Structures are given as C-alpha cells and as structure tokens.
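A closer look at the structure
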Amino acid sequence: MDLGDLGDLVHPNGPHEQWQDHGLGLLRTILHQNGIQTDLLSTRAITSWDQLRKQIQGYEILLMNVRSYTFPVARKSAQIFKEVNPNGMVLAGGMHATVAVDEMEAVPYFDRICQGPGENIIVDLVKDPHAFPRVIMGVGAKSMAEWPMIDRTLWPKPHRRLRKKFPWPLEPECGWGPGPVATILTSRVCPWQCVFCNESSYIPNMGRKPVDMVIEELNYLDNKYGVGSVVIHDSMFFQHPKWLEEWIDKYPRKANKVWPYWAAGRSDTVRQWPDLFEALVRETNWNTISIGFESGSDRILRLLNKECTEEDNNFAIELVNRLGEEFEREGRQPPKFWANIMLGIPGETREDAFKTMRMLKTMKYVFPSISYYAPYPGSALGYQLIAEGKSLMSKDNYHRFPDDEKVKGVDYQFYRELLAGKYDDEINRGLADYARKKSGDYREALVKA
Ligand code: SF4
C-alpha cells in the first residue's frame, strides 16, 4: 500500500505530494524478483475510504511503509483492511515503526511491526509472517551496492487526470529542473545529529551507492523514458569527499547528459571543502543546493545541535551569491539554494527570528523553504517535547498544514506576522541594498515540516 493523504495523486496541492516512495519501490522490486507478486493500492490515488474498502477486499497481506506523517492514514487503512479481510495480516514497517514503536504497538490492526531497514527480511516475512514475533528488528543491506535497481513501473500510477503532466514512472517537475524528473538515492545515512531530525535514529551505517551504479541507473532511465533533471533524495549528498570527487570525475563524462540536479549539503562542510563544493556546482550542474540553514542565530543553531555557525551559513551564502553572479555574467543559469529555514523553535527570541530572516534576505539566488519547528518522534528534541507534554502534534494529525501550531507556548501569531512582512523595517536594518529591496512577504514559502 502506497501511503499519503487521500487524493494526493488525484488533485495534488503541489508537486512534492507526487513524489514516489523509494522504500516502497525497493521492497516491491525485491519481492517481485523473489517470485512474490504483489498488487499495489495507494491512498493517494483515491478520494474516499469507501473506495479503499472496495479495492482492498480479498487480499491476504497488507504491506505498508509507515512514516510519522503517514501514520494516521496507515492506521485507518489497516483498520479497513482488517474489517474486510478478518483473516488477513497487516505487516507494517518504516520510519515510524522505528521511532515510535509504542504508537504502532497500540494499534491492534498491525500484526507485525518491522523496525529499521527491511530489504533483507521482507521476503521471509511475507512468505511466513507467523514465524516472526509481533515486533521484529529488520535486516538491511551492508551497502546500497547490494540493492537491485528499483523497477519504477512498480510505483503507483497517477490518476488519469494527471497523466498528461505526470511522466510516470518518472516524476513531474517541481520548479527545480525540467521534467521528467528522475529521483534517486546515492546515500542513506546522515552522520550528524541535529536534535530536530530523526534521520540518524533510523538506519544503521551503510555503504554509499557506487558512482558507476548511480550513473548507470540514470542512463538506463534516460534511454527508456528520457530524463530532464535529477533529484538526489539523500538526506546528505555533500559528504564522503572521495565519493564526491569520483562523481565530479565521472558524471560529466559518463552520464548521457549532465542533468541539473537537486541535492542536499550543509554550510559547515561547504566551508570546510569549498573547492569540492565549487567543482560540484561548476562541473556537475548541482544547480539546486538544498541547505538546512535552519537559523541565522548561533544561539539557536547550538540549541539545535546543528554544528553549523552563523559564519558557516554566511560563507555558503556568499559563495553561492558569487557563483550565481558569475554564471549570470556568462549567460548560464545561476545555481540556487533550496534554503531550509526553521521558525518557532522553542526558546527562539524575536531577535533570533529577525536574524534568520536577515540571513534569508542576503541570499541572492534562493527558493526559501520555511517551516515551523515540528517535534517529531525519533528526534532528540521531539522526544523531549513530547515527554514534557508540549507537543501539539497528535498521533491523528502529524502533518497536515504548514501553518498548524506544533508546540505549546510558541507565539505563532508573531511568526505569522513575521512571514507577512510586518517586521520588515526591523529585519532590513543593517542589510545591504540588494537584500533590503527583497520583499519581506514570505507567506508563500511556508511548507510542511
Ligand atoms: S538535519 Fe540534515 S544534517 Fe542534520 S541530521 Fe538531519 S539530515 Fe543530517
């Protein structure tokens, strides 16, 4: 079962709701390669639970990859499955099973709950779920080199109204680069431990996908479907300098085309390896650089255990500003930040928030992506706030609207006004001319955390 809000593949609110699930794609590919045929239903492809009730009848096993924000949908799907197939079994795994197993265990419809990676256990589990206890520790591959190439035709198809714009089994463009978009993973683990992020709690360390395999897959997809641009979904692309050097050497030479791509980095490592960063931007067409700047205030960055400083952030911004100007002078498309910014962090003062907005305004080439801090389970700060009873994110509604209030005691009205530009004079104080001229209205940039 592909999970997401009802109707996301029928009338999506935005392109990001149409991304495909690599975990689902990988596990389904493994099952099919091992002779276990599955059908696929998607909560994103229906608009009512009654539709699911009809579609789900007659199956023996329901498999789900559950994330915190799809937990409510997973629970409801499991309930319906059990109602119409009382002898059927529900096997659930994924991030939420790992970081909030107590919530999963409390749902009687989940018969087996697999924590951690599932690629090396799923075949045995599906063949004989009764041989396993209710909560199972998953088994992952040592390296992504062991993974088969995902058979993307096993991903859900968009609703027929979207088919013209949705280059299935590739994905639609979302403003970062031309479609069709090939999304891909090259690494699975982020070694940092930011307290708001649950990345490190999920997957034990595992080897990165070899550069040659990444390029081979992209070329294969291009030959078959035609690739317009690439999104590297890694939580941290800009790590392992040796791998990156090999990427710089091979991608421009061996890929069918040096497709522009979106990928994530950190400002401290940009500052640590500026030459490597520049070479990636110049030579490999890394044109949308996602950086979790989060805050423009050292106090908050420390509180988040971000291990980046205001100075690191400024260094990365100045470097991309400079590269962007140079590219423009040469008539090339400038690289742009996808700047992740977090507001509403418990303990943040107004001055901290002003500093963050000032930092954002100094970026000349940027897609701002602002979210209110969300206390997800699996992250150190999330666990703490949940334990203290300060989280406003309920199990039933982890991830609904960007503007949802998420933590008790945070003055969301102030943040709404901040994003509407009410404090623009204050923010503009001390900024260079070009930054002052930028609109202070960032309401459109507020996204789900
Ligand atoms: S926020 Fe980014 S850098 Fe920090 S742990 Fe998560 S993925 Fe890694």
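Data block above holds the structure.
One structure accompanies this document, and this report is about it. (Residues numbered from 1 in each chain as written. Predicted model: local features only at pLDDT ≥ 70, side-chain atom pairs only at ≥ 80, totals over all residues. Heavy atoms only, no water.)

Things to note about the pattern of salt bridges
Per the counting criterion, the structure on display carries 35 salt bridges. Between glutamate 217 and arginine 152 there is a salt bridge, and its shortest N-O distance comes to 2.9 Å. A residue pair is termed long-range when its members are at least 10 positions apart, and glutamate 217 in helix α7 (residues 211–225) and arginine 152 in the loop between β4 (135–137) and β5 (181–184) qualify at 65 residues. Neither residue differs from the other here; glutamate 217 and arginine 152 are each classed as buried. Put simply, arginine 253 and aspartate 249 hold a salt bridge, and the shortest N to O gap is 3.2 Å. With arginine 253 and aspartate 249 both in helix α8 (residues 241–254) and four residues apart, this pair spans about one turn of that helix. (Salt bridge = Lys/Arg side-chain N within 4 Å of Asp/Glu carboxyl O. Helix = DSSP H or I, 4+ residues; strand = E, 2+ residues; numbered from the N terminus. Buried < 20%, exposed > 50% of the residue type's maximum accessible area, 1.4 Å probe, protein only.)

Overview of the sheet that holds strand β2 (residues 89–93)
Here four strands make up an open sheet; going across it, the order is β1-β2-β3-β4 and the pairing parallel. Of all the strands in the sheet, the pair left with one neighbour each is β1 (61–65) and β4. Strand after strand, the sheet turns through a mean of 20° between neighbouring axes, direction not considered. Looking at chain direction, strand β3 (residues 112–115) and β4 are connected through three bridges and run parallel. Looking across to β4, one finds that glutamine 115 is bridged to methionine 137. (Pairing = 2+ DSSP bridges. Axes fitted to C-alpha atoms, helices over the stretch in contact; angles between N-to-C directions.)

In short, geometric facts, not functional conclusions.
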